[in-house]
Amino acid sequence: MARNKEGLVLLIDVSPSMHSVLPEIQKVCSLLIQKKLVYSKYDEVGVVVFGTKDTKNDLTAEVGGYEHVTVLQPIKVVDGDLVDVVQQLPRGTVPGDFMDAIVVGMDLLIKKFQETIKGKKRICLITNAMYPIKDPYEGTKEDQVLTLAEQMAVHGMKIDCIIYRGNQKRDPHENNVIEKNDMLLSIFSKKTKAKAVHVESSTSLLGALRTRNVTPVTTYRGDLEISSTFKIKVWVYKKTSEERFPTLKKYSDNAPSTDKFATHEIKLDYEYKIVQDPSKVVPPEQRIKGYRYGPQVIPISSAELDAVKFRPEKSVKLLGFTNASNIMRHYYMKDVNIFIADPGNKKAILAVSALVRAMKEMNKVAILRCVWRQGQSNVVIGVLTPNVSDNNNIADSFYFNVLPFAEDVREFQFPSFSSLPVSLQPSPEQQEAADKLVMMLDLAPAGKEEFLRPEFTPNPVLERFYHHLELKSKHPDTAVPPLDESLKRITEPDPEVISKTKLVIDDFRRHFELKENPKLKKSTRRLLKDKSSGSYENQSTDLIASTSEVKVETLGDLTTVSDFEAMISRRDSPEWVSKAIFAMKNKIFDLVENSFEGDNYPKALECLIALRKACVVEQEPKQFNNFLSHVCRFCKETNLSSFCEFLASKDVTFITKTEAEDSEIEEKDARSLFVKAEPSS
């Protein structure tokens, strides 16, 4: 018997009120069987439906009652036929009694497994719980549920309840029935291992059923070291982990068709040969790894590699606490782990709970140094976030996220949108249109179920893969099916929502008119000549709108401005901004200093305008303002004051505070550099 074998009974409500959602139930149940065929081929599954006109179950014949409950498929090992069973669910004609169905499901599990696979027996109930259940022969309905919960605990059973509630309107009587049924189902959660999930849409239903049972495995068991004298016994599990495609294995069909014991496996052997003499094979003892170091390849033996590796001792140590606001969400790396106290250690449970609640109250997080296994070659630094449980049966815990080292952080320098000139910021009307768009497309509107909740949203790529795999198992030449309509609601905008928000979307489009930005064929110098000789400040400041894909590192003499724009737009290193500005300053100085009767002034002006625009976009006003002052002082001292007059005629000004917040120049002082001082009387 497989160690992780599970016995599962699906209890499916097929009464009239469930007919609209049965196609989605068939899909999710089919997916469950398909995944078990891939990952858990020894699991056994049975299917029971209730709300049918007919009755077919052992208890009806043995003790009577339990009407309108039909065992579609007794418990058996999963196979392709089981997929066909759940894809062809009958449509019932009478109200379903979910309590009778639970009793029939328990009877199937007890008779099939008796005292074996404790903790691996599961019942999955899918219903809307809209019909009243029958009164028991003795006691109350609550007593009946308590008795069933006790028997589940005795036989090591778990129950998952998926309660589907659509958006249809209900009368007060139906609401009373629903409240009573929800109260009865909640008793299972309190008295046994049970999970109840309420969903309101067919899309959420697809992700509500746990289609793959993953046995939790501890990443770490040991001490959480607060200090050398204070340690808490903890267990660490993975809280989230990316679900990947199943491993596809190489397969050989060369085995004789009559060989029933053929494994069809393929074994791979590798040979290493000398380039100069391919006939000679290099044995393992003569092979060594090498690492690139400049033009050289440095050989390092496995013994040297082991010696240079850092091998810390297994431990989890507290480094300190910090405010939760100091740890940004984008710092989180990899999967999320959960820290719980050792389940059998009451002192550890109390210590963890006290620490969790203290950190929560003070809005603090802890920074840990973690080495999960002995001999692990890397050290993990992470943040421990308190998680206060709202369930009396579940202890408090911590969430753990890995934090990056300096080498892991990618810094991208972008100017602040709010610090750009007023002309480049959205108007109040544009901001209001954007606010309305965000509000109308809110996935979690007040009073309604949140759409696309991660825990209820299946991966459409994986769903489609498993569906195709099931089709190919029956028809090897079948084509890849189109994406299912229910999965399209995950990957594409909901047409119903879009139609309701059309006016808001159209209003947003009107306020943000998009225009094509044609590729400029004229040179920058020609464009400047074509412009009027007046102020250039009203020209578009979309600097670096069209830059070359070639990574420019120096400024050429003929293409100075375009090279500068390409250089300053590089984002492979934060140093390119300062390098480009420094190079442009030197170029302007050279042009002015080597000018003969002002022949280089237009070229210097062109470069100066480009530098000014770049300093506005990159929010470096002081770089330009200080440079402009320095150039003018230099010109006055070296008999080149005609250049200052040339700049004044072209209305060149300082960068003001309205254009860049860091500027110290007010609007009224923008042209102060070229204002002649009045002679003293």
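That block above? That's the structure.
Being a predicted model, the structure only gives us computed values, none of them experimental.

Re the overall build of the chain
Then, in step 1: A count of helical and extended segments in the chain gives 20 helices and 15 strands.
Then, in step 2: The C-alpha atoms of the chain give a radius of gyration of 36 Å, which is well past the 26 Å a tight globule of 681 residues would have.
Then, in step 3: Along the first, second and third principal axes, the C-alpha atoms of the chain reach 120 × 80 × 65 Å.
Then, in step 4: Here the chain holds 681 residues, and the buried ones make up 38% of them.
Then, in step 5: Put simply, of all contacts in the chain between residues at least 6 apart along the chain, 70% involve residues at least 24 apart.
Then, in step 6: Summing over all exposed atoms, the chain offers an accessible surface of approximately 41,800 Å²; the carbon and sulfur share of this is 53%.
Then, in step 7: In the chain, 95 side chains carry a positive charge and 96 a negative one; their mean positions are 4 Å apart.

Notes on helix H18 (residues 601-617)
Then, in step 1: The first and last C-alpha atoms of H18 sit 24 Å apart over 17 residues, in line with the 24 Å expected at 1.5 Å per residue.
Then, in step 2: With respect to burial, H18 is a largely interior element, 15 of its 17 residues being buried.
Then, in step 3: One or two positions beyond H18, positive phi appears at glutamine 619, with a value near 55°.

Describing the pattern of salt bridges
Then, in step 1: Under the defined criterion, the tally for this structure stands at 36 salt bridges.
Then, in step 2: In this structure, the salt-bridge partner of arginine 122 is aspartate 160, at a minimum N-O distance of 2.9 Å. On the criterion of sequence distance, the pair formed by arginine 122 in strand E4 (residues 121-127) and aspartate 160 in strand E5 (residues 157-164) is long-range, its members being 38 residues apart.
Then, in step 3: For aspartate 160, a relative accessible area of 12% puts it in the buried group.
Then, in step 4: Among the salt bridges present, the one from aspartate 223 reaches lysine 233, with a minimum N-O distance of 3.1 Å. Here lysine 233 lies in strand E8 (residues 230-238) and aspartate 223 lies in strand E7 (residues 220-227), a separation of ten residues in the sequence.

Here we look at the sheet that holds E7
Then, in step 1: If you trace the seven strands once around the closed barrel, you get E7-E8-E12-E15-E14-E13-E11, paired in mixed fashion. The sheet shows a mean angle of 35° between the axes of neighbouring strands, direction not considered.
Then, in step 2: Strand direction decides the pairing type here: strand E14 (residues 380-387) and strand E15 (residues 397-402), joined by six bridges, are antiparallel. Pairing of valine 383 across the sheet is with asparagine 401, part of E15.

Comments concerning the sheet that holds E5
Then, in step 1: Taken in spatial order, the six strands line up as E3-E2-E1-E4-E5-E6 in an open sheet, and their pairing is mixed. One side of each edge strand has no neighbouring strand; the edge strands of this open sheet are strand E3 (69-77) and strand E6 (194-199). Between one strand axis and the next, the sheet turns by 10° as a mean value, whatever way the strands run.
Then, in step 2: Of the pairings in the sheet, the one linking strand E1 (residues 7-13) to E4 comprises six bridges and is parallel in character. Note that in E4 the partner of isoleucine 12 across the bridge is isoleucine 126.

Describing the nonpolar core
Then, in step 1: One finds Phe564, Met584, Ile588, Leu608, Leu611, Cys635 and Phe643 to be the most contacted residues of the largest nonpolar core, which totals 41 residues.
Then, in step 2: Those elements giving two or more residues to this core turn out to be helix H16 (560-568), helix H17 (575-593), H18, helix H19 (621-637) and helix H20 (641-649).
Then, in step 3: Ranked by the residues each element gives to this core, the list is headed by H18, at eleven residues.
Then, in step 4: Not counting residues within four places of it along the chain, the set of residues in contact with methionine 584 comprises Leu555, Thr560, Val561, Phe564, Cys607, Ala610 and Leu611.
Then, in step 5: If you look at the next biggest cluster of nonpolar residues, it comprises 35 residues, including Met99, Val145, Cys161 and Ile187.

Quick look at the pairing of strand E10 (residues 296-300)
Then, in step 1: As paired strands, strand E9 (residues 289-293) and E10 are joined by five bridges and run antiparallel to one another. Bridging from a neighbouring strand, tyrosine 291 pairs with isoleucine 298 of E10.
Then, in step 2: In this antiparallel pair of consecutive strands, E9 and E10, the connection spans two residues, and glycine 294 shows a positive phi of 65°.

Section: the environment of leucine 420
Then, in step 1: Locating leucine 420 in the fold gives a position in the loop between E15 and helix H10 (428-440).
Then, in step 2: Leucine 420 sits in the buried class, given a relative accessible area of 14%.
Then, in step 3: Between the alpha carbons of leucine 420 and threonine 322 there is a distance of 34 Å; along the sequence they are 98 residues apart.
Then, in step 4: Here leucine 420 is in contact with Gln425, Val616, Val617, Gln619, Thr658 and Glu659, once residues within four sequence places are set aside.

Regarding the packing of aromatic side chains
Ring pairs (aromatic) are described by centroid distance and by the angle formed between their planes.
Then, in step 1: By the definition in use, this model includes 13 aromatic pairs.
Then, in step 2: Centre to centre, the rings of tyrosine 39 and tyrosine 466 are 6.4 Å apart; their planes meet at 65°, and the pair counts as edge-to-face. Of this pair, tyrosine 39 sits in helix H1 (residues 22-39) while tyrosine 466 sits in helix H11 (residues 460-474), and the two are 427 residues apart along the sequence.
Then, in step 3: Ring centres of phenylalanine 508 and phenylalanine 512 lie 4.8 Å apart, and the angle between their planes is 35°; this geometry places the pair in the tilted category.
Then, in step 4: Taken together, the aromatic side chains of Tyr39, Phe245, Phe465 and Tyr466 make up a single cluster linked through ring pairs.
Then, in step 5: In this arrangement the basic side chain of arginine 221 is found over the ring face of tryptophan 235, its NZ or CZ atom lying 3.7 Å from the centre.
Then, in step 6: Over the ring of tryptophan 576 we find lysine 579; its NZ or CZ atom is 4.6 Å from the centre of that ring.

Regarding a nonpolar patch on the surface
Then, in step 1: Judged by side-chain polarity, Ile266, Leu268, Tyr270 and Tyr272 come together as a nonpolar surface patch covering roughly 480 Å² of accessible area.
Then, in step 2: Along the polypeptide, isoleucine 266 turns up in the loop between E8 and E9.
Then, in step 3: You can call isoleucine 266 partly exposed: its relative accessible area is 40%.

What to know about the packing of H10 against helix H14 (residues 502-511)
Then, in step 1: Between H10 and H14, whose axes approach to 9 Å, the crossing angle comes to 150°. What the angle tells us is that H10 and H14 run roughly antiparallel. Between H10 and H14 lies a crossing whose hand is left-handed. Across the interface between the two elements, Glu429, Gln430, Ala433, Ala434, Lys436, Leu437 and Met440 from H10 touch Val504, Ile505, Asp507, Phe508 and His511 from H14.
Then, in step 2: Residue classes in the contact of H10 with H14 are distributed as seven nonpolar, two polar and three charged.

What counts as what
- Every chain's residues receive numbers from 1 upward, in the order its sequence appears when written.
- For this predicted model, a pLDDT threshold of at least 70 governs which residues receive local features, and a threshold of 80 or more governs which side-chain atom pairs are given and counted, while totals over whole chains, interfaces and linings are taken from all residues.
- As a convention, hydrogens and water are excluded, and side-chain values are obtained from all of the structure's heavy atoms.
- Counting from the N terminus, the helices are the DSSP runs of H or I reaching at least four residues and the strands are the DSSP runs of E reaching at least two.
- As defined in this context, the radius of gyration uses C-alpha atoms, and a globule is described by 2.2 Å times the residue total to the power 0.38.
- Each residue gets one of three labels from its accessible area relative to the maximum for its type: buried under 20%, exposed over 50%, partly exposed in between, using a 1.4 Å probe on protein chains only.
- Residue contacts are defined here by distance: any two heavy atoms, one from each residue, within 4.5 Å place the two residues in contact.
- The Shrake-Rupley method, run with a 1.4 Å probe sphere, supplies the accessible areas, and residue values consider only the shown protein chains as cover.
- When charges are counted, Lys and Arg are positive and Asp and Glu negative, with His and the chain ends excluded.
- Lys charges are placed at NZ, Arg charges at CZ, Asp charges at CG and Glu charges at CD.
- Every helix has an expected span of 1.5 Å times one less than the residues it contains.
- Here, a salt bridge means any Lys or Arg side-chain nitrogen found within 4 Å of an Asp or Glu carboxyl oxygen.
- Criterion used throughout: strands pair if DSSP finds at least two bridges between them.
- Comment: axis = line fitted to C-alpha atoms, over the contacting stretch for helices; angle = value between 0 and 180 degrees taken between N-to-C directions.
- Throughout, nonpolar core names a set of buried Ala, Val, Leu, Ile, Met, Phe, Trp, Tyr and Cys residues whose side chains join them through atoms within 4.5 Å.
- What counts as a ring pair is set by centres within 6.5 Å for rings of Phe, Tyr and Trp (its six-membered ring), and what kind of pair is set by the plane angle: stacked under 30 degrees, edge-to-face over 60, tilted for all other angles.
- A ring is considered to have a charge above it if a Lys NZ or an Arg CZ atom is located within 6 Å of its centre and within 35 degrees of its normal.
- Patches draw on residues past 30% relative accessible area with no salt bridge. Two like charges within 9 Å are joined, as are two nonpolar side chains (Val, Leu, Ile, Met, Phe, Trp, Tyr) within 5 Å.
- Roughly parallel means an angle under 35 degrees; roughly antiparallel means over 145; roughly perpendicular covers 65 to 115; every other angle is labelled oblique.
- For any helix crossing, the convention is left-handed if the near helix is rotated counterclockwise from the far helix by under a right angle, and right-handed if that rotation is clockwise.
- Three residue categories are used. Nonpolar comprises Ala, Val, Leu, Ile, Met, Phe, Trp, Tyr, Cys and Pro, charged comprises Asp, Glu, Lys and Arg, and polar comprises the others, including Gly.

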